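Descriptive analysis of the structure
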Amino acid sequence: RQSSMLRLWKERHVVVTGDSFMFWYTSPQDQVPEDVIALKKATGVRRDDGYGRSNAFIITTKGAVMPFSAASEAEMEAWLRVIGKGIVRATTTEW
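A brief report on the enclosed structure follows. Values in this document were obtained by computation on a predicted structure and should not be read as measured data. (Residues numbered from 1 in each chain as written. Predicted model: local features only at pLDDT ≥ 70, side-chain atom pairs only at ≥ 80, totals over all residues. Heavy atoms only, no water.)

For the structure shown, the criterion picks out 4 aromatic pairs. Their ring planes at 35 degrees and their centres at 6.3 Å tell us that Phe-21 and Phe-23 sit as a pair that is tilted. Taking the relative accessible area as the measure of exposure, Phe-21 reaches 30% and is therefore partly exposed. Taken together, the aromatic side chains of Trp-24, Phe-57 and Phe-68 make up a single cluster linked through ring pairs. (Phe/Tyr/Trp six-rings, centres within 6.5 Å; stacked < 30°, edge-to-face > 60°. Buried < 20%, exposed > 50% of the residue type's maximum accessible area, 1.4 Å probe, protein only.)

Next up on the list: the pattern of salt bridges. When the charged atoms of two side chains with opposite charge come close together, those side chains can pair. Overall, the coordinates contain 3 salt bridges when judged by the stated rule. Arg-12 is the partner of Glu-34 in a salt bridge, and the nearest nitrogen-oxygen pair spans 2.8 Å. A residue pair is termed long-range when its members are at least 10 positions apart, and Glu-34 in the loop between strand 2 (21-25) and strand 3 (35-38) and Arg-12 in the segment before strand 1 (13-16) qualify at 22 residues. Look at Glu-34 and you get partly exposed, because its relative accessible area is 42%. In this structure, the salt-bridge partner of Arg-46 is Asp-48, at a minimum N-O distance of 3.3 Å. According to the relative accessible area criterion, Arg-46 is partly exposed, its value standing at 47%. Exposure remark for Asp-48: the relative accessible area of 14% places this residue in the buried category. (Salt bridge = Lys/Arg side-chain N within 4 Å of Asp/Glu carboxyl O. Helix = DSSP H or I, 4+ residues; strand = E, 2+ residues; numbered from the N terminus.)

The next point concerns the sheet that holds strand 1. Judged by pairing direction, the sheet is antiparallel, and its 3 strands sit side by side in the order 1-2-3 without closing on themselves. Strands with a single pairing partner mark the edges of an open sheet, and in this sheet they are strand 1 and strand 3. Ignoring strand direction, the axes of neighbouring strands in this sheet form an average angle of 15 degrees. (Pairing = 2+ DSSP bridges. Axes fitted to C-alpha atoms, helices over the stretch in contact; angles between N-to-C directions.)

This part covers the sheet that holds strand 4 (residues 42-47). The 3 strands lie next to each other as 4-5-6, forming an open sheet whose pairing is antiparallel. A single partner strand is all that each edge strand has here, and the edge strands are strand 4 and strand 6 (65-69). The average angle at which neighbouring strand axes cross in this sheet is 20 degrees, direction not considered. In terms of strand pairing, strand 5 (residues 56-61) meets strand 6 through 5 bridges, oriented antiparallel. Across the sheet, residue Thr-60 finds its bridge partner in strand 6, namely Val-65. Sitting on the sheet, helix 1 (residues 73-91) touches strand 4 and strand 5, and the angle it makes with strand 4 is about 165 degrees. (Contact = heavy atoms within 4.5 Å.)

Bringing helix 1 into the picture now. Counted at 1.5 Å a residue, the expected span for helix 1 with its 19 residues is 27 Å, and the 27 Å between its end C-alpha atoms agrees. Those residues of helix 1 lying buried are Met-76, Leu-80, Ile-83, Gly-86 and Ile-87. Considered in projection along helix 1, the buried side chains sweep an arc of 135 degrees and stay on one side of the axis. Opposite the buried face of helix 1, by more than 90 degrees, sit the exposed residues Ala-74, Lys-85 and Val-88. Where helix 1 is buried, its residues contact strand 1, strand 2, strand 4 and strand 5. (Expected span 1.5 Å × (residues − 1). Arc of directions from axis to C-beta.)

Right under this line is the structure:
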């Protein structure tokens, strides 16, 4: 994930939950997340080559753009699918 203050890329451990929250931690051993995104507030997720990183993608909300970068193209595609499904699940109402 790219730091919002210094524009440095930091490796993070990311978890997307079944109830459409995305948590990220400094390390897999951390118990408290560094930050969280409620995917119901997200408006989209897509690849974005404008950050000077391979396999970069962004999550957009009404007020923010959050850039991420995956280790490989396959991993990025997997993240796009998981996050996209989380957004759909969070924003779809059941009849």
